[in-house]
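Commentary on secondary and tertiary structure
Each chain, letter by letter, is given below.
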Amino acid sequence: MIMNAQKRVAAIHDISCFGRCSLTAALPIISAAGVETSVIPTAVLSTHTGGFDDFTYRDLTEDISKVVDHWISLNLKFSAVYTGFLGSIEQIDIICGTFDRLGSEDTMIIVDPVMADNGILYKTFPQNFPEGMKRLCGKADVIIPNITEATLLLNTEYRDGPYTEEYIEDMLLGLGKTGANKIVLTGVFFNEKEFGAATYDTETENISYSFFSRIPGHYHGTGDVFGSALVASMVNNVSFEKAAAVAAGFTAESIKRTYAAGTDTRFGVNFEEGLKDLPGLIAEARS
Ligand code: PXL
């Protein structure tokens, strides 16, 4: 392979036309890190589903395999495939197959099992969706669940925070047995002052935490901002734990700006004004 070839990622998420999440976050954030970002939209919605009613919903299940067929005919190679919100339960099997079809041994598979938050499965998904998501996570190198998604993957009961170290570390070890080698758990906090992510690498058995000052409110789309910054860092050869720290810092700064502006929390976070700093954060984490 050419040493300095530009990295290319395939991002497989919905397009929420308004609300700064999924592809409208992944595309600018991963691109800002110098990585070519190809997309497969799983659905097109007028807004995301968190706090808005009457959103439009166009399911693109039928298109995914056709996009992949065309890409295969072009012999495209990917450094990573990064999946998030899926448009239907049928897409689980299609995306499992897509990992095999688009991936080579150098391709990192990153699955954000987007399906739930605050103890509740998103309303667009059937009750058996978590079973399918478990299968998708089993094919991943890296998974990025929040606490609610982790409980659905492990069939354990959801609890509100603050959490204990024992609760989080049991969860990380449990997730480490589901197939992925690297686990990032988001929405972790042990007290009201700090908030962040925990990581577990099943190969080194290392557990790490990245915490930032907690800001009041529940901001929409932060999981996608975090996941995109994590992918951007990892494909740029930042180590796993440092990539989680870059992602947590980038997300925390985005939340801080949004809180200061008093924006409606449904409208997503101001990550845009942090994009110019992302390459520097990545370079620093790599050195
Ligand atoms: O940020 C996750 C997400 C992505 N896409 C859609 C969503 C959500 C979360 O609610 O509704 C459509």
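Conventions adopted
Residues numbered from 1 in each chain as written. Predicted model: local features only at pLDDT ≥ 70, side-chain atom pairs only at ≥ 80, totals over all residues. Heavy atoms only, no water. Helix = DSSP H or I, 4+ residues; strand = E, 2+ residues; numbered from the N terminus. Contact = heavy atoms within 4.5 Å. Near = heavy atom within 4 Å. Polar contact = N/O pair within 3.5 Å; in protein donor to acceptor, adjacent residues only side chain to side chain. Areas by Shrake-Rupley, 256 points an atom, 1.4 Å probe, with all protein chains shown as cover. Nonpolar A, V, L, I, M, F, W, Y, C, P; charged D, E, K, R; others polar. Buried < 20%, exposed > 50% of the residue type's maximum accessible area, 1.4 Å probe, protein only. Arc of directions from axis to C-beta. Pairing = 2+ DSSP bridges. Axes fitted to C-alpha atoms, helices over the stretch in contact; angles between N-to-C directions.

Further remarks concern the environment of A229. Tracing the backbone shows A229 in helix α7 (residues 222-235). The spatial distance from the C-alpha of A229 to the C-alpha of F78 is 17 Å, given a sequence separation of 151 residues. Among residues more than four places away in sequence, those in contact with A229 are I29, A247 and F250.

Around the ligand sit D14, S16, C21, S22, L45, H48, T49, F85, V114, Y122, H220 and D224, and that is every residue in its neighbourhood. The contact in question runs from an oxygen atom of the ligand to an N or O atom on the side chain of T49, over 2.6 Å. For the ligand, whose free accessible area comes to 310 Å², the fraction covered by protein is 96%. Looking at the shell around the ligand residue by residue, the classes come out as 5 nonpolar, 5 polar and 2 charged.

Glancing now at helix α2 (residues 61-73). Those residues of α2 lying buried are T61, I64, V68 and W71. Across the axial projection of α2, the buried residues extend over an arc of 65°, all falling on one side. Along α2, exposed side chains directed more than 90 degrees from the buried face belong to E62, K66 and S73. Buried residues along α2 sit against β1 (8-18), β2 (36-47), β3 (57-59) and α3 (90-102). After α2 finishes, the residue N75 shows a positive phi value of roughly 60°.

Across the 7 residues that make up strand β9 (residues 182-188), a large majority, 6, are buried. Inspection of the sheet shows strand β8 (residues 142-143) paired to β9 by 2 bridges, in the parallel sense. Looking at β9, one finds that V142 is bridged to K182. In this structure, β9 lies alongside strand β10 (residues 194-201), joined through 6 bridges in antiparallel fashion. Bridging across to β10, T186 finds its partner in A197. Taking the residues between adjacent antiparallel strands as the criterion, β9 and β10 are bridged by 5 residues.

Relative to the helices and strands, E253 is located in helix α8 (residues 240-261). Spatially, the C-alpha atom of E253 lies 29 Å from that of D53, the residues being 200 residues apart in sequence.

Right, let's talk about the sheet that holds strand β4 (residues 80-83) for a bit. Spatial ordering of the open sheet is given by β3-β2-β1-β4-β5-β8-β9-β10-β11, a layout of 9 strands whose pairing is mixed. For this open sheet the edge positions go to β3 and β11 (206-213), each flanked by a neighbour on one side alone. Where strand β5 (residues 108-111) meets β8, 2 bridges bridge the pair, whose relative direction is parallel. Within the sheet, the bridge partner assigned to I110 lies in β8 and is V142. Contacting β8, β9, β10 and β11, helix α6 (residues 165-175) runs over the sheet at an angle of about 145° to β9.

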